[in-house]
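# Chains, contacts and geometry: an overview
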Amino acid sequence: MCKLTDHIGRSFKVLRVSLLDKCNFACTYCVYEDGLTAAIQKPVVLSSDELVDLIGRLHDVLHLQTIRLTGGEPLLYPDLPKLVTGIRQLGIHDIKMTTNGFLLAKKVSSLQEAGLRSVNVSLDALSESSFYRVTKRAGLKQVIEGIIAAQKMGLEVKINTVVMAGENDQEILPLLDFAFRHGIKIRFLELMGMGHLFGDTDSKFFSRQALLERISSVYTIDEQAKKYGDTATYWNTACGYSFGIIANDSHPFCADCNRLRLDAQGNIYGCLSSNTPIPLREVSSQKGLEAGLYAALGQKQMQFSGSEMSMLTIGG
Ligand code: SAM
């Protein structure tokens, strides 16, 4: 019997699956514009059948609670509804997706029917110019339509905003207002030193403290206790709304991390700060799978330290 828990009780309950190393946006915190063309040409590596098989084998050992589909841009993955159905048929019902939202309005209905429960939509600005500056694409209208369509379909919708000083920090209050008006949870993310930003976030870093100062200049706020395993800490406002902050850098939450990551080539990673892939695609024995999972558990750290691996590959 395999007891996959480390010395401080961390295990794997949430599997983040990066479906492909390909994206239709080129967010400056995620990729170099130059790197985009190469990334776009990378083929899909694992078919939906292969992925369901691999997720099923991991589920047998780990009794996973949640699958989060990410990428690259998961809405570019062919057969996405088939994949969601396959995961649901494994007995995993908490199926979520992180997306840039550009294709969401077109695809949300089939995904909801297949069993998708929840979407986190990355939205870093509400003005066209800031949106373009961050994403290098003109797609604000489509992203907002995607958010509204997902809400109408009854999915849980959250907004993720990566805040960069001097790039989109002026968007914090308009985004907060948008989220409150639409009854959507918004979480602001501190910039993380991944990929081309490894060791180089200082000039654009906008801290949790700075976020709280900006928000409390308008709202009276009160901190909630952080839930075990959650990445965000939430605050309530005096007018009955709430928002979250994911402060990887200034307030790390590694001590209760329950996440395992699977990339588009079938490698697992136990920690966002580790760029050592543990290949599982060719592993067929239970023993081999468990050995890989123990190695991944051993990668977990106590503090986020970043990695040269791009978020495009590991999926956030
Ligand atoms: N394409 C999808 C999207 O845009 O949400 C999914 C993939 S994206 C890599 C997953 C998450 O990583 C997004 O919420 C994105 O904002 C976040 N992300 C990417 N690079 C980041 C960085 N350097 N710092 C903080 N968050 C980052």
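Residues numbered from 1 in each chain as written. Predicted model: local features only at pLDDT ≥ 70, side-chain atom pairs only at ≥ 80, totals over all residues. Heavy atoms only, no water.

### Things to note about the overall build of the protein
Going by this rule: Helix numbers and strand numbers start at the N terminus; a helix is a DSSP run of H or I with at least 4 residues, a strand a run of E with at least 2. Just to be clear, the radius of gyration here is over C-alpha atoms, and the globule rule we use is 2.2 Å times residues to the power 0.38. Throughout, exposure labels follow a simple rule: accessible area from a 1.4 Å probe, protein chains only, divided by the maximum for the residue type, with under 20% read as buried, over 50% as exposed, and the rest as partly exposed. Any two residues whose heavy atoms approach within 4.5 Å are treated as being in contact.
Tallying secondary structure elements over the protein gives 10 helices and 12 strands in all. For the protein, whose C-alpha radius of gyration is 19 Å, the value lies close to the compact-globule estimate of 20 Å for 316 residues. Here the C-alpha coordinates of the protein stretch approximately 55 × 40 × 40 Å along the principal axes. Burial status across the protein gives 56% buried among its 316 residues. Taking contacts inside the protein between residues at least 6 apart in sequence as the whole, the part at least 24 apart equals 73%.

### Here we look at the site of the ligand
Note the cut-off: A single heavy atom is enough: if one lies within 4 Å of a molecule or strand, its residue is considered near that molecule or strand. Identification of polar contacts relies on pairs of N or O atoms within 3.5 Å, with a donor-acceptor requirement for protein atoms, meaning one able to donate a hydrogen and the other able to accept it, and with residues adjacent in sequence counted only if both atoms are side-chain atoms. In these tables, accessible area is a Shrake-Rupley quantity obtained with a 1.4 Å probe, and a residue counts as shielded only by the protein chains included in the view.
Around the ligand, the surrounding shell holds 20 residues, and the nearest of these are Tyr29, Gly72, Glu73, Ser122 and Met192. Between the ligand and Ser122 there is a distance of 2.6 Å, counted from an oxygen atom to a side-chain nitrogen or oxygen. In this structure, an oxygen atom belonging to the ligand sits 3.4 Å away from a side-chain N or O atom of Asn160. When the ligand sits alone it has 550 Å² of accessible area, and the protein chains cover 96% of it.

### Thoughts on the sheet that holds strand β7 (residues 221-223)
As a reminder of what qualifies: Between any two strands, pairing holds if DSSP finds at least two bridges. Interaxial angle, 0 to 180 degrees, is taken between N-to-C directions of lines fitted to C-alpha atoms, where a helix line uses only the stretch in contact.
A sheet is described by the order of its strands in space; here 12 strands give the open sequence β7-β8-β9-β6-β5-β4-β3-β2-β1-β10-β11-β12, paired in mixed fashion. Two strands bound the open sheet, and with one partner strand each, they are β7 and β12 (278-279). Taken together, the 4 bridges between strand β6 (residues 185-190) and strand β9 (residues 242-246) define a ladder with parallel strand orientation. Opposite Ile186, over in β9, you have Phe243 as the bridge partner. The strands touched by helix α8 (residues 208-216) are β5 (156-163), β6, β7, β8 (233-237) and β9; relative to β9, the strand with the most contacts, the crossing angle is about 160°.

### Concerning the environment of Leu260
Along the chain, Leu260 falls in strand β10 (residues 259-262). Between the alpha carbons of Leu260 and Ile184 there is a distance of 27 Å; along the sequence they are 76 residues apart. For Leu260, the contacting residues outside a window of four places in its chain are Phe12, Val14, Leu15, Arg16, Leu58, Leu62, Ile268, Tyr269, Gly270, Leu293 and Ala296.

### Quick look at the packing of aromatic side chains
Worth spelling out the cut-off: Pairs were defined over the aromatic rings of Phe, Tyr and Trp, the Trp ring being its six-membered one, requiring ring centres within 6.5 Å. Orientation was assigned from the angle between planes: stacked under 30 degrees, edge-to-face over 60, tilted for the rest. Placement of a charge over a ring requires the Lys NZ or Arg CZ to be within 6 Å of the ring centre, with the centre-to-atom vector within 35 degrees of the ring normal.
Enumeration over the complete set of coordinates arrives at 5 aromatic pairs. Seen in terms of ring centroids, Phe25 and Phe102 are 5.7 Å apart; in terms of plane orientation they differ by 65°. Their pairing is edge-to-face. A residue pair is termed long-range when its members are at least 10 positions apart, and Phe25 in the loop between β1 (14-18) and α1 (33-41) and Phe102 in the loop between β3 (94-99) and α4 (104-114) qualify at 77 residues. Relative accessible area serves as the criterion here: at 4%, Phe25 is assigned to the buried category. When the centroid spacing of 5.8 Å and the interplanar angle of 10° are considered together, the rings of Trp235 and Phe243 count as stacked. Given the relative accessible area of 3%, Trp235 is considered buried. Over the ring of Tyr234 we find Lys185, and its NZ or CZ is 4.8 Å from the ring centre.

### Some points on the packing of helix α2 (residues 48-62) against helix α3 (residues 80-89)
The line we're drawing: Any angle from 65 to 115 degrees is called roughly perpendicular, while one under 35 is roughly parallel, one over 145 is roughly antiparallel, and all others are oblique. By definition, any crossing whose near helix is turned counterclockwise from its far helix by less than a right angle is left-handed, and any crossing with a clockwise turn is right-handed.
Across the interface, α2 lies against α3 with an axial gap of 9 Å and an inter-helix angle of 25°. Here α3 runs roughly parallel to α2, going by the angle between their axes. The element α2 and its partner α3 pack so that their crossing is right-handed. Residues Ser48, Asp49, Leu51, Val52 and Ile55 of α2 form the contact with α3, whose participating residues are Lys82, Leu83, Gly86 and Ile87.

### Side note on the side chain of Ser307
Within the secondary structure, Ser307 is located in the loop between α9 (286-299) and α10 (311-314). For Ser307, a relative accessible area of 1% puts it in the buried group. Engagement of the side chain of Ser307 in a polar contact is seen with the backbone nitrogen of Met309, the distance being 2.9 Å. If sequence neighbours within four positions are ignored, Ser307 has contacts with Gly193, Met194, Gly195, Phe198, Leu272, Ser273 and Asn275.

### Overview of unusual backbone geometry
Positive phi outside glycine occurs at His63, with the angle close to 50°. On the secondary structure map, His63 appears in the loop between α2 and β2 (66-70). By relative accessible area, which is 52% here, His63 ends up exposed. At Lys136, a residue that is not glycine, the phi angle is positive and equals roughly 60°. With respect to the helices, strands and loops of the structure, Lys136 is situated in the loop between α5 (128-135) and α6 (140-152). By relative accessible area, which is 28% here, Lys136 ends up partly exposed.

### Describing the environment of Asp249
Along the chain, Asp249 turns up in the loop between β9 and β10. With 40 residues separating them along the chain, Asp249 and Gln209 place their C-alpha atoms 11 Å apart. Those residues in contact with Asp249, other than ones at most four positions away along the chain, are Glu190, Phe205 and Gln303.

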